[in-house]
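Each chain is listed here by its residues.
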Amino acid sequence: MKLLRSSQRGFAKRLEVLSRRLAVVDKGIEGAVRSILDTVRRQGDSALIRYTKKFDRVRLTPRTLRVTEKELEEAYRQADPAVVESLRYAAERITAYHQKQHVGSWSLTNGGITLGQQVRPLDRVGIYVPGGTAVYPSTVLMNALPAKIAGVRQVAMCTPTKDGTVNPYLLVAADLAGVREIYRVGGAQAIGAMVYGTKTIPRVDKVVGPGNRYVAAAKRLVYGEADIDMVAGPSEVLIVADQTANPAFVAADLLAQAEHDQESWLFLVTPMRDLIRKVNRELLRQLKGLDRRAIAAAAIKRHGFAVLVKDLEEAAVVANAIAAEHVGLAIKKPFELVPRLNHAGAVFLGHFTPEAVGDYIAGPNHVLPTGGTARFFSPLSVDDFVKRSSLVGYSQEELIRAHEHVLRIAGVEGLTAHARAVEVRLRG
């Protein structure tokens, strides 16, 4: 990994650059995606089928776009029962965690004034699940379960395929999450179909879920027609480590994110120079046993950084500047550093909490802000699938008591009709 020292000249400027690591919008990709979206908006199913044949080499018809009930049932026969058990275990823990997030409606009355907040679930949500060569049943659970807990009545899922067949573990995960409306389409065209609607796929109010650069660009472009969760970038991890850290553990956690994508970002922040050397040796050793070693090695070479700081307090400053998706605290007293961490998607406490447990079975959502957006974004939650309406009620007596304040402010803003809407109620 590239070595940075907090004591070196120009470190603050380098840290500022790293904090703004969000990928620059590729205008070529954006133009191509805009064309796909416009075509799907105009031509619906026919465009969706044509693009699926072009990009995925899969021939579909309007009747074969949607996965059948028979296919869902068959998925359980094809799947390893032990994996199904693990998915069920994960679903139970994810459900238990997200049920704690549920916030209901409320109101209060003081004299003749009633104020409140009405919380209602979105009517219909679409989740995008990457497919083809990769299989991510955990993504299905993490995106669909919070929506169901929020009370969303209709959840549709789109995922691309290699040969028209959806992986059985994706179907099992969807069934466990209560999703039975599944379409075998992917890419920017799937985002367009969900947002604009086609004859086969009804439009949704919000799209959530990760995807490649084309999917990310499509989500960015459709925002406003429907809501989105976030525009996700490459996976990333930052590990703060002290003298108690196990180099093998640290290297394994770095590689767990590196294997996602050659554009993944990896940071080791520590006051221990010797630990950096040991972790680098472990990275080389552990890379040899990885199926995706070429991807992981490229990620380390491109975006792997070891930051040598003077102490853990300075490590927290660096971590806040980076605002990483995953922050691991491989230190003796992790809870003591937590109050200093203002910006992190998820924090993993201590030497025996690998990011992988958070990705799969701990319970908190693994859809996390990337690219430094943890400064202002939060993990996906039940809150992302509800909307709030304000409730305001005034009696005649309370309106009389407060009307002069309204008239004064309306006068300053020059909005005569606002003032008149109050005055006409007082004449009577």
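Within each chain, residues carry numbers counting from 1 in the order of the written sequence. pLDDT decides what is reported in this predicted model: residues at 70 or higher carry local features, side-chain atom pairs at 80 or more are listed and counted, and totals for whole chains, interfaces and linings draw on all residues regardless. Neither water nor hydrogens contribute to the side-chain values; these are computed over all heavy atoms in the structure.

### Observations regarding empty space enclosed by the protein
Consideration 1: Definitions used for this entry: grid spacing 1 Å over protein atoms alone; cavity, a set of points where a 1.4 Å probe fits but cannot get out; pocket, an open set with protein on both sides within 12 Å along at least 5 of 7 lines; lining residue, one with an atom within 4 Å of a point. Grid points are joined across faces, edges and corners, and a volume is the space filled by probe spheres set on the points. Considering all chains together, one arrives at one cavity of 30 Å³ or more under this definition.
Consideration 2: Of the voids in this model, the largest cavity is the one considered here, and its volume is about 30 Å³.
Consideration 3: As for the largest cavity, its lining consists of G209, P210, G211, N212, V215, A216, K219, M230, V231 and A232.
Consideration 4: Of the residues in the lining of the largest cavity, the class split is six nonpolar, three polar and one charged. For this scheme, ten residues count as nonpolar: Ala, Val, Leu, Ile, Met, Phe, Trp, Tyr, Cys and Pro. Four count as charged, namely Asp, Glu, Lys and Arg, and the remainder, Gly too, count as polar.

### Some thoughts on the layout of surface pockets
Consideration 1: Within this model, the second largest pocket holds a volume of roughly 260 Å³.
Consideration 2: Only runs of H or I of at least four residues qualify as helices and only runs of E of at least two qualify as strands under DSSP, and these elements are numbered from the N terminus. For the lining of the second largest pocket, the elements supplying multiple residues, two or more each, are β13 (346-349) and α15 (355-360).
Consideration 3: At four residues, β13 tops the list of elements feeding residues into the lining of the second largest pocket.
Consideration 4: Residues belonging to the lining of the second largest pocket are distributed by class as follows: eleven nonpolar, seven polar and no charged.

### A look at the pattern of salt bridges
Consideration 1: Here, a salt bridge means any Lys or Arg side-chain nitrogen found within 4 Å of an Asp or Glu carboxyl oxygen. What the rule picks out here adds up to 21 salt bridges.
Consideration 2: Linking R34 and E30 is a salt bridge whose minimum nitrogen-to-oxygen distance equals 3.5 Å. Here the residue R34 and the residue E30 both occupy positions in helix α2 (residues 27-43), the gap between them amounting to four residues, near one helical turn.
Consideration 3: Under the scheme applied here, a residue whose accessible area is under 20% of the maximum for its type counts as buried, over 50% as exposed, and between as partly exposed, the area being computed with a 1.4 Å probe on protein chains only. In this structure R34 comes out as partly exposed when scored by relative accessible area, which is 41%.
Consideration 4: Under the relative-accessibility criterion, E30 is labelled buried at 14%.
Consideration 5: Its salt-bridge partner being K333, residue E336 comes within 4.0 Å of it at the nearest N-O pair.
Consideration 6: A residue is classified by how much of its surface remains accessible, and E336, at 53% relative accessible area, is exposed.
Consideration 7: By sharing partners, the salt bridges in this structure join E69, D175 and R180 into a single network.

### Thoughts on unusual backbone geometry
Consideration 1: You will see that R57, though not glycine, has its phi angle at about 60°, which is positive.
Consideration 2: The residue R57 is located in the loop between α3 (45-56) and α4 (69-78) in this model.
Consideration 3: Residue R57 is classed as exposed on the basis of its relative accessible area, which comes to 66%.
Consideration 4: If you check the backbone angles, A323 has positive phi at about 50° while not being a glycine.
Consideration 5: Its place among the elements puts A323 in the loop between α13 (312-322) and β12 (326-330).
Consideration 6: Classification of A323 by relative accessible area gives buried; the value is 0%.

### Things to note about a nonpolar patch on the surface
Consideration 1: The patch calculation keeps residues exceeding 30% relative accessible area without a salt bridge and links them within 9 Å when they carry like charges or within 5 Å when they are nonpolar (Val, Leu, Ile, Met, Phe, Trp, Tyr). Every accessible area reported is derived by Shrake-Rupley at a probe size of 1.4 Å, with residue values counting cover from the shown protein chains alone. Taken together, the side chains of W106, L108, L115, V392 and Y394 make up a nonpolar region of the molecular surface, amounting to roughly 510 Å² of accessible area.
Consideration 2: Where the nonpolar patch is concerned, the elements lending two or more residues are β2 (106-110) and β14 (386-394).
Consideration 3: Looking at the secondary structure, you find L108 in strand β2.

### Observations regarding helix α7 (residues 168-176)
Consideration 1: Residues of α7 that are buried: P168, L170, L171, V172, A173 and A174.
Consideration 2: Should any heavy atoms of two residues lie within 4.5 Å, those residues are considered in contact. Where α7 is buried, its residues meet α4, α5 (81-99), α6 (137-150), β5 (154-158) and β6 (181-183).
Consideration 3: In protein, a polar contact means a hydrogen-donor-capable atom and an acceptor-capable atom, both N or O and within 3.5 Å, with residues adjacent in sequence counting only if both atoms are side-chain atoms; elsewhere, any N or O pair within 3.5 Å suffices. With a side-chain oxygen positioned 2.8 Å from the backbone nitrogen of Y169, the residue opening α7 is N167.
Consideration 4: Two residues or fewer past α7, G178 is found with a positive phi of approximately 80°.

### Observations regarding the environment of E398
Consideration 1: Looking at where E398 falls in the secondary structure, it is placed in helix α16 (residues 396-413).
Consideration 2: Residue classification places E398 among the buried residues on the basis of a relative accessible area of 14%.
Consideration 3: E398 sits 27 residues away from G371 along the chain, and the two C-alpha atoms are 49 Å apart.
Consideration 4: E398 has contacts with G112 and I113, leaving out every residue within four places of it along the chain.

### Some details on the packing of aromatic side chains
Consideration 1: The aromatic pairing rule takes the rings of Phe, Tyr and Trp, using the six-membered ring of Trp, and pairs them if the centres are within 6.5 Å, calling planes under 30 degrees apart stacked, those over 60 edge-to-face and the rest tilted. According to the stated counting rule, one finds six aromatic pairs in the structure shown.
Consideration 2: With 5.7 Å between their ring centres and 65° between their planes, F249 and F352 make a pair best called edge-to-face. In this pair, F249 sits in helix α10 (residues 247-258) while F352 sits in the loop between β13 and α15, placing the two residues 103 residues apart along the sequence.
Consideration 3: By relative accessible area, which is 36% here, F249 ends up partly exposed.
Consideration 4: Aromatic side chains F267 and F305 sit 5.8 Å apart centroid to centroid with 15° between the ring planes, which places their arrangement in the stacked category. A residue pair is termed long-range when its members are at least 10 positions apart, and F267 in strand β10 (residues 265-270) and F305 in strand β11 (residues 304-308) qualify at 38 residues. Taken individually, F267 and F305 each receive the classification buried, so the pair is uniform in this respect.
Consideration 5: Chaining the aromatic ring pairs together yields one cluster made of W265, F267 and F305.
Consideration 6: Over the ring of Y196 we find R41; its NZ or CZ atom is 4.2 Å from the centre of that ring.
Consideration 7: Sitting over the face of the ring of Y51, R50 holds its NZ or CZ atom 5.9 Å from the ring centroid. We call a charge positioned over a ring when the NZ of a Lys or the CZ of an Arg lies within 6 Å of the ring centre and within 35 degrees of the ring normal.

Taken by themselves, the reported measurements are silent on function.
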